[in-house]
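Fold and geometry: a report
Now for the letters of each chain:
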Amino acid sequence: MADTFYTNAGCTLVAMNPFKPVPQLYSPELMQEYHAASQPQTLKPHIFTVGEQTYRNVKSLMEPVNQSVVVSGESGAGKTWTSRCLMKFYAVVAASPTSWESHKVAQRIEQRILNSNPVMEAFGNACTLRNNNSSRFGKFIQLQLNGAQQMTGAAVQTYLLEKTRVACQAPSERNFHIFYQIYKGAHAEERVRWCLPEGATFSWLPHPERTLEEDCFEVTREAMLHLGIDAPTQNNIFQALAGLLHLGNTRFVDSGNEAQPCPLVDDAQCSVGTSALLLGLPEDHLLETLQIRTIRAGRGQQVFRKPCSRAECDTRRDCLAKLVYARLFDWLVSVINSSICAAPNSWTTFIGLLDVYGFESFPNNSLEQLCINYANEKLQQHFVAHYLRAQQEEYAVEGLEWSFVSYQDNQPCLDLIEGSPVSICSLINEECRLNRPSSAAQLQTRIESALTGRPCLGRDRLSPEPSFIVLHYAGPVRYRTAGLVEKNKDPVPPELTRLLQQSQDPLLKVLFPADPKEKSQEEPSGQNRAPVLTVVSKFKASLEQLLQVLHGTTPHYIRCIKPNSQAQAQIFHREEVLSQLEACGLVETIHISAAGFPIRVSHRSFVERYKLLRRLRPATTLGGHGLCPDGGRSERPPCTEPATLRGLLQEILHALPAPLHCGRTKVFMTNSTLELLECARAQVLEQCARHIQRGWRRHRCRTQARQRRAAVLIQAAVRSWLARKHVRRLHAAATVIKRAWREWRIRMAFLASEELDGVEEKHSSQAPCSPSSSPLPLAQTRLQGAITRLWPLGLALANAAVGVHGFQRKLVVFACLQLPVGSPRSCTIQTAQEQAGVLSIRALPQGSIRFHCRKSPLRYADTCPGPSPDSVTGLNQILLERHRPGHV
């Protein structure tokens, strides 16, 4: 009433079938919530809890082993739905690739794995009295994971398909879903192609008016397309299935003469022709194979043709249909495996999902129900051996104080079914090997006489039909002996196989290749006849192989429970639920799990995984079993003595109030203790990670500081080199300038001296005639000589745009022109700037580099007139151009 359908019963998850859709109970958001939870056990019980536990065990277990999930329960309890939801969960959580390319590959693998479900359910499930989607075969799905725990592929192994359902359906039951899908979902063109007109009736298609959720043809088609089965191949498959439906309408009547074959009923001739057309077989050959039996006898292997009776014709017809459907189902499984299976070197571990038919008990039970219940007995025995008997025996061997809990052991029932030397299966196989007609009453008598006194064998004396009763763990079941031997033989007449090998249909050519070896094996003769491989023998061998795989894994159990037998929602029958819980051993499981320790780890594995917890201890020694002085980092092998290990564990777990027991070779703990240990280990790893991060940050800071100092030194060196380079360039430029200046000064001095030589000579020749001249003192004479030598400087200053100004400027001009010092005001000086040029220096027109003085360098203003334009030549012209108004 509270919409809570999952609970834990000890170490087993109990799943109640709600018989109604529950919104958001299996949503992707809920999957991510359970996957991201640090401790999924703290959340509400759910199948995702089991899925996440198995995934984490594969991912981070101390001793990683393969995992398996066994989904069991009665028919209609919800096993198929549970397996489907688990596959979706694993496909979501185990597909987390790093690159986009691997993401696309993972998506394709995930889609193919999920698409294998609707295909296998369409071809292997059917509607029964207790379940609308009952699995009529067992399957073990192996989800393959690589080293990074990413799903890389899957593999499917099937067990005991109920192929008799193709030709024989119990009252109120239906055939396989695929027949109803093509009957209801085919398009108009496909109906014409497959000869399936609207409203057609088929004897092998009962209750077509019932509409189920599983009758969706488009879903199956799309899933087959994703698995690599293209449209032409799908057409061949559905055409062959339509041919089987028409073959079911082929009915015979008794022949009045045993030497004549049984004729067809009036409306069956058309069905034979249509079936032969769809299967690609010659119509006459098909009808002859169904009506006439070929016998080889004698030393010469003479061939005799014997007409079959009506019952034999029906049996051969049904055998042909079962043979085609069984080969088609096996081919589909192989195609699915080739599409989703990964290479052997690409995966390391796997998670197995076992979905087998549930315990069945119908009014009429035959060989199929015997094999199904036998498989459930084996799985129950595996559960009892793993959780009930093995745990308690291990407690005693390890020296733990333990009081044994009594439980229901189903070993006597297994001994009755498969025991040696005499059992039900051995007696049925013996009847098949005798190759003689066997009656139902005779088989019942043999079973009762050979197995009398067995506690699990019963007899219904009021039953009008020969039968026997087996007391299974889930309750008693009555099996009819009629038809057991024939179903166990599962004979396939060789002429039927040869007929199908002659088919022109492309699909049947693949299913029935013309193999000479197979042909020779189908026709043994005389004493060389090989022993018959019966259905029970093959099923027992495959079941033993399955259990061997389960023994190599860590199993997890999900028990599916039906709240009522009417498959109605909101109805809870207490008695029915309690009987299912008691039958599957959940009551004893609860007692043992509550008092026991489901987690068992060897000493060495425990110490290797949890030796990090010694870092949580204080620095002082806490007891006599102290660690080595280096803080638990010694590499010496860990102690394996129980007393020493117990003391060490007390030191490690002194702050964890959790029960922990140390046996002779293993450590036993509960799930809560394991969670505490994992939390403490995660804390130590976090501390170590922080220490590593601190050390790395310190190293990085120091490295950065050293790099910064080195960069500063490099920058300083580069700047110094650049500065020196710049200074050297300045020095070189200054040297060039000084050299040029010296050259120019010397040249100008030379020119000036040449010109002044001529002036001095003229002046000295005119000196005695001047009445105003008088001899100068010696100091004044030396000063005038210096000034004469430096007259170019004064000339440059007089003609420069910048330089000294005012009185100092005129003094320099006076000195350079050797004017009288005593009377500077007696004459007027006309500089080159005022006259816009110097008139006394000019170059010879002949281009000689020697200068001579034709006129004085500067003339007195009172004696020299203004310059004429014709006399301005050479250097004077340059100076005039420079100081001309408007010159820039």
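Residues numbered from 1 in each chain as written. Predicted model: local features only at pLDDT ≥ 70, side-chain atom pairs only at ≥ 80, totals over all residues. Heavy atoms only, no water.

Okay, a nonpolar patch on the surface next. A contiguous nonpolar surface patch, about 390 Å² in accessible area, is contributed by Ile714, Val718, Trp721 and Leu722. Its location among the elements puts Trp721 in helix H25 (residues 671–766). (Patch = residues over 30% accessible without salt bridge, like charges linked within 9 Å, V, L, I, M, F, W, Y side chains within 5 Å. Areas by Shrake-Rupley, 256 points an atom, 1.4 Å probe, with all protein chains shown as cover. Salt bridge = Lys/Arg side-chain N within 4 Å of Asp/Glu carboxyl O. Helix = DSSP H or I, 4+ residues; strand = E, 2+ residues; numbered from the N terminus.)

With that out of the way, let us pick up unusual backbone geometry. Between Ser420 and the following residue, Pro421, the backbone shows a cis peptide bond with an omega angle of 5°. Even without glycine at this site, Gln570 takes up a positive phi of about 60°.

What follows covers the packing of aromatic side chains. Applying the stated rule across the entire model yields 17 aromatic pairs. In this structure, Arg174 is placed above the aromatic ring of Tyr180, and the distance from its NZ or CZ to the ring centre is 3.8 Å. The residue whose ring lies beneath Arg559 is Phe383, and the NZ or CZ to ring-centre distance is 4.6 Å. (Phe/Tyr/Trp six-rings, centres within 6.5 Å; stacked < 30°, edge-to-face > 60°. Lys NZ or Arg CZ within 6 Å of the ring centre and 35° of its normal.)

Counting 117 residues, the largest nonpolar core has Tyr90, Phe123, Ile178, Phe179, Ile237, Leu241 and Tyr325 as the members making the most contacts within it. Sort the elements by how many residues they give to this core and helix H11 (residues 310–340) lands first, with 15 residues. Counting residues in each nonpolar core, the second largest holds 45 residues, with Leu354, Leu370, Leu546 and Leu547 among its members. (Core = buried A, V, L, I, M, F, W, Y, C linked by side-chain atoms within 4.5 Å. Buried < 20%, exposed > 50% of the residue type's maximum accessible area, 1.4 Å probe, protein only.)

Here we come to the side chain of Gln291. Assignment of secondary structure puts Gln291 in helix H10 (residues 283–291). A relative accessible area of 10% places Gln291 in the buried class. Of note is the side chain of Gln291, whose polar atom sits 2.7 Å from the backbone oxygen of Cys262. In this structure, Gln291 is in contact with Phe252, Pro261, Cys262, Pro263, Lys306, Pro307, Cys308 and Cys313, ignoring residues within four places of it in sequence. (Polar contact = N/O pair within 3.5 Å; in protein donor to acceptor, adjacent residues only side chain to side chain. Contact = heavy atoms within 4.5 Å.)

As summarised here, the arrangement of the three strands in space is E11-E12-E13, forming an open sheet in which the pairing is antiparallel. Two strands lie at the open edges of the sheet, namely strand E11 (457–458) and strand E13 (475–480), each paired on one side alone. Two strands pair when backbone bridges link them, and E11 and strand E12 (residues 467–472) are joined in this way by two bridges, in the antiparallel orientation. What sits directly across from Leu457, in E12, is Val470. Most of the contacts of helix H13 (residues 411–418) go to E12, to which it runs at about 150°, and overall it touches E11 and E12. (Pairing = 2+ DSSP bridges. Axes fitted to C-alpha atoms, helices over the stretch in contact; angles between N-to-C directions.)

On to the environment of Arg221. Relative to the helices and strands, Arg221 is located in helix H7 (residues 217–226). For the pair Arg221 and Ala231, spaced 10 residues apart in the sequence, the C-alpha separation amounts to 8.6 Å. Beyond its immediate chain neighbours, meaning those up to four positions away, Arg221 contacts His187, Glu190, Trp194, Gln234 and Phe238.

Moving on, we come to the confidence of the model for the protein chain. Per-residue pLDDT for the protein chain averages 78, and the proportion of residues at 70 or more is 75%. The secondary-structure element of the protein chain with the lowest mean pLDDT is helix H29 (residues 832–835), recorded at 42, while helix H8 (residues 231–248) shows the highest, at 95. Below a pLDDT of 50 lies the segment residues 518–528, which in the model reaches 13 contacts outside its immediate sequence neighbourhood of four places, other chains included. A low-confidence stretch, residues 823–876 (pLDDT under 50), is modelled with 71 contacts involving residues beyond four sequence positions or located in other chains. (pLDDT = per-residue confidence, 0-100.)

What follows deals with the packing of helix H9 (residues 268–279) against H10. One way to put it is that H9 packs onto H10 with a least axis distance of 9 Å and a crossing angle of 115°. Considering the angle they form, H9 stands roughly perpendicular to H10. Considering only the axes of H9 and H10, their crossing is right-handed. Side by side, H9 and H10 meet where Gln269, Val272, Gly273, Ser275 and Ala276 of the first sit next to Glu283, Leu286 and Leu287 of the second. (Parallel < 35°, antiparallel > 145°, perpendicular 65-115°, else oblique. Left-handed = near helix turned anticlockwise from the far one by under 90°.)

Take the sheet that holds strand E2 (residues 12–16) next. Across the sheet, which stays open at both edges, the seven strands sit in the order E1-E2-E14-E3-E10-E6-E7 with mixed pairing between neighbours. Both edges of this open sheet fall to strand E1 (6–9) and strand E7 (151–159), since each of them pairs with a single strand only. Ignoring strand direction, the axes of neighbouring strands in this sheet form an average angle of 20°. Where strand E3 (residues 67–73) lies against strand E14 (residues 554–561), seven bridges are found, and the strand directions are parallel. What sits directly across from Ser72, in E14, is Arg559. Strand contacts of helix H20 (residues 535–551): E3, strand E6 (138–145), E7 and strand E10 (349–355), with the helix running at about 145° to E7, the strand carrying the most contacts.

Relative to the assigned elements, Cys425 resides in helix H14 (residues 424–434). When its relative accessible area of 8% is taken as the criterion, Cys425 is described as buried. C-alpha of Cys425 to C-alpha of Ile447: the two residues are 22 residues apart in sequence and 9.9 Å apart in space. Those residues in contact with Cys425, other than ones at most four positions away along the chain, are Ile417 and Val536.

Further remarks concern the packing of helix H5 (residues 177–185) against H8. Their axes nearest at 10 Å, the elements H5 and H8 cross at an angle of 100°. Compared by their axis directions, H5 and H8 come out roughly perpendicular. Each of Ile178, Phe179 and Ile182 in H5 lies in contact with H8, whose residues at this interface are Phe238, Leu241, Ala242, Leu244 and Leu245. Considering only residue class, the contact of H5 with H8 consists of eight nonpolar, no polar and no charged. (Nonpolar A, V, L, I, M, F, W, Y, C, P; charged D, E, K, R; others polar.)

Take the pattern of salt bridges next. Scanning the model with the defined rule gives 28 salt bridges in all. One salt bridge connects Asp215 with Lys184, and the closest N-O pair in it is separated by 3.3 Å. One end of the pair, Asp215, is in the loop between helix H6 (188–194) and H7; the other, Lys184, is in helix H5, and 31 residues separate them in sequence. Taking relative accessible area as the criterion, Lys184 reaches 29% and is therefore assigned partly exposed. Connected via shared salt-bridge partners are Arg136, Glu162, Arg165, Glu173 and Glu360.

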